[in-house]
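# Structural overview for review
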Amino acid sequence: MTQEILDRRAAAVVEANKYLVLGTVGADGLPWVTPVYFTPDGHDAFYWVSSPDALHSRNVAERPDVSIAIFDSSVPIGGASAVYFRARATQVPDDELERCVALYAARYPELRAYSVDELHDDIRLYRARPTEHWILVTGGDPQYGTGIDSRRPVWL
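Residues numbered from 1 in each chain as written. Predicted model: local features only at pLDDT ≥ 70, side-chain atom pairs only at ≥ 80, totals over all residues. Heavy atoms only, no water.

### Some points on the environment of Y144
Counted only if it meets this: Each helix is a run of H or I in the DSSP string that is no shorter than four residues. Each strand is a run of E no shorter than two, and both are numbered from the N terminus.
Tracing the backbone through its elements, the reader meets Y144 in the loop between strand 7 (124-137) and strand 8 (150-153). Residues Y144 and T2, spaced 142 residues apart in sequence, show a C-alpha to C-alpha distance of 9.9 Å.

As structure tokens, then:
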């Protein structure tokens, strides 16, 4: 399997799924994970909307290093496709909100689009910028399987 195939597989996982699992760590050093629906900007940034009072948002404010997993949990056991990321997360700065909220809203036509004015107090737009990327290669993969699941780097 070539790097190009791995990269395409990873991109397909991102595009096929609406939720990512965001892993954060609080000031107390304890981990927390939460699902959020997201919009990707390629594989360079992922956007979601959350309350700044949510535990994961408070954790991001305290410690911006996060981990992310994107996968389809509805597939049969052994048939999973997944991508994993280490990233830095922040609230989107006010001077970037207009462009970023338009990108975010474009993926979810079934949802009400947020205006820039709505994203200042009770709810904010967040962005994670990955620093490392991997794809799951299952042990039974017909091209790369070794009998044991493994991670392979993507988007090098």
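### Description of helix 3 (residues 97-106)
We apply this condition: Under the scheme applied here, a residue whose accessible area is under 20% of the maximum for its type counts as buried, over 50% as exposed, and between as partly exposed, the area being computed with a 1.4 Å probe on protein chains only. Arc, as used here, means the arc of the directions from the helix axis to the C-beta atoms. In what follows, residue pairs with any heavy atoms lying within 4.5 Å of each other are defined as contacts.
For helix 3, the complete set of buried residues consists of L97, C100, V101 and Y104. For helix 3, the angular spread of the buried residues around the axis is 100°, confining them to a single face. For helix 3, exposure combined with an orientation more than 90 degrees from the buried face picks out E98 and A106. On the buried face of helix 3, the contacting elements are strand 2 (31-37), strand 3 (39-41), strand 4 (45-50) and strand 7.

### Side note on the packing of aromatic side chains
Quick reminder of the rule: Working definition: a ring pair exists when centres of Phe, Tyr or Trp rings (six-membered ring for Trp) sit within 6.5 Å. Plane angles under 30 degrees give stacked, over 60 give edge-to-face, the rest tilted. When the NZ atom of lysine or the CZ atom of arginine is within 6 Å of a ring's centre and also within 35 degrees of its normal, the charge is said to sit over that ring.
Counted by the stated rule, this structure contains 8 aromatic pairs. With centroids separated by 6.2 Å and ring planes inclined at 85°, the aromatic side chains of Y19 and Y37 adopt a geometry described as edge-to-face. Of this pair, Y19 sits in strand 1 (residues 19-25) while Y37 sits in strand 2; the two residues are 18 residues apart in sequence, bridging distant segments of the chain. Counting every residue linked through ring pairs, the aromatic cluster contains Y19, Y37, Y104 and Y108. Here the basic side chain of R151 rests over the ring of W134, its NZ or CZ set 4.3 Å away from the ring centre.

### Quick look at the pattern of salt bridges
Applied cut-off: Here, a salt bridge means any side-chain nitrogen of Lys or Arg that lies within 4 Å of a carboxyl oxygen of Asp or Glu.
All told, the structure shown has 7 salt bridges when counted by the stated rule. Taking the shortest distance from any N to any O, the salt bridge between D141 and R9 comes out at 2.6 Å. Of this pair, D141 sits in the loop between strand 7 and strand 8 while R9 sits in helix 1 (residues 3-16), and the two are 132 residues apart along the sequence. Exposure remark for D141: the relative accessible area of 10% places this residue in the buried category. Among the ionic pairs, R88 bridges to D65, the shortest N-O distance being 3.0 Å. With a gap of 23 residues between them, R88 in strand 6 (residues 82-91) and D65 in strand 5 (residues 65-71) connect regions that are remote in the sequence.

Purely geometric numbers; function is a separate question.
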